[in-house]
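An overview of the molecular structure
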Amino acid sequence: MNQELLSHLVGQVIRVDRGGPHSAVGRLLYAGSDFFVIMTKKDGVVIYKTHHVKSITHDSKDGMDDDRGPDNLEAFNKPDFLSVISQFCKRWVKINPEKLEGVLDEVNDDYITIINKEEIIHVSVFHIRNMSTGMGVGNNDNEENNEDNNNDDGNGRRRRRR
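Residues numbered from 1 in each chain as written. Predicted model: local features only at pLDDT ≥ 70, side-chain atom pairs only at ≥ 80, totals over all residues. Heavy atoms only, no water.

So, about unusual backbone geometry. Here K90, not a glycine, exhibits a phi torsion of approximately 70°, which is positive. In this fold, K90 is placed in the loop between α2 (81-86) and β6 (92-96). When its relative accessible area of 58% is taken as the criterion, K90 is described as exposed. One non-glycine residue, K117, lies in positive phi territory at about 60°. With respect to the secondary-structure elements, K117 resides in the loop between β8 (111-116) and β9 (119-124). (Helix = DSSP H or I, 4+ residues; strand = E, 2+ residues; numbered from the N terminus. Buried < 20%, exposed > 50% of the residue type's maximum accessible area, 1.4 Å probe, protein only.)

The biggest cluster of nonpolar side chains holds 24 residues, and the ones touching the most others in it are V37, I47, F76, I85, L104 and I112. Mapped by element, the contributors of at least two residues to this core are β2 (24-31), β3 (35-40), β4 (44-49), α2, β6, β7 (100-107), β8 and β9. In terms of residue count, the dominant contributor to this core is α2 (four residues). Not counting chain neighbours up to four residues away, the residues in contact with I47 comprise F35, F36, V37, F76, F81, V84, I85, F88, R129, N130, M131 and T133. Residues I14, L28, I38 and Y48 belong to the second largest nonpolar core, which totals 13 residues. (Core = buried A, V, L, I, M, F, W, Y, C linked by side-chain atoms within 4.5 Å. Contact = heavy atoms within 4.5 Å.)

According to the stated counting rule, one finds three salt bridges in the structure shown. A salt bridge links R129 to D17; its shortest N-O distance comes to 2.2 Å. Of this pair, R129 sits in the loop between β9 and β10 (130-132) while D17 sits in the loop between β1 (13-16) and β2, and the two are 112 residues apart along the sequence. Owing to a relative accessible area of 7%, R129 belongs among the buried residues under this scheme. D17 gets classed as buried once you look at its relative accessible area, which sits at 6%. Here D43 makes a salt bridge to K94, at a shortest N to O gap of 4.0 Å. Of this pair, D43 sits in the loop between β3 and β4 while K94 sits in strand β6, and the two are 51 residues apart along the sequence. Looking at K94, the relative accessible area reads 28%, which means it is partly exposed. (Salt bridge = Lys/Arg side-chain N within 4 Å of Asp/Glu carboxyl O.)

A separate point is the sheet that holds β1. Taking strand neighbours across the sheet as the criterion, the 10 strands line up as β5-β1-β2-β3-β4-β10-β6-β7-β8-β9 in an open arrangement whose pairing is antiparallel. Edge positions in the open sheet fall to β5 (56-58) and β9, since each of these has one partner strand only. On average, each strand axis in the sheet is inclined to that of its neighbour by 40°, with strand direction left out of account. (Pairing = 2+ DSSP bridges. Axes fitted to C-alpha atoms, helices over the stretch in contact; angles between N-to-C directions.)

Moving on, we get to the environment of N116. Tracing the sequence through the fold places N116 in strand β8. With 13 residues separating them in the primary sequence, N116 and V103 have C-alpha atoms 6.5 Å apart. When residues no more than four places from it in sequence are discounted, the contact partners of N116 are W92, E101, G102 and I121. Within polar-contact distance, the side chain of N116 engages the backbone oxygen of E101 at 2.6 Å. (Polar contact = N/O pair within 3.5 Å; in protein donor to acceptor, adjacent residues only side chain to side chain.)

Turning our eyes to something else, we now look at the pairing of β1. Taking every second residue as pointing to the same face, both faces of β1 are buried, with V13 and R15 on one and I14 and V16 on the other. Here β1 pairs with β2 via four bridges, running antiparallel. Across the sheet, residue V16 finds its bridge partner in β2, namely A24. Taken together, the three bridges between β1 and β5 define a ladder with antiparallel strand orientation. Each residue of the ladder has a partner; that of R15, found in β5, is T57.

Next up, the structure:
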């Protein structure tokens, strides 16, 4: 995806990739040289590396009810993907498709370092597809997690919902 195409779609709801586990729908907030930023209902702000994206669909029928975004879009007005994600050091992030999450500790040209509990995880920058920061519009993840926790029978097993 090139920056010129994406810059014309800023403010619109787009679908990243057509389907499958890596598909996402969100409002395009910013288009950079090698990245773009969308606001999703599920993950909040997600920063994508353009070379991993297979397709973008606009005029999507998926829609989003909420057109709010993060208060500070200047955070994304950076020259490249690494410059943007560097700002999120010492914050909780999620890396996909690795499905890693933790505190972003270090960013350099070759890898990033994430700390999750006692683990120190080094992830190759080349293989990062996207990073979500969770900032922006609130989501219901906490409510879902609380509901799941309430379905625990005390022995680590989940009760069936009726």
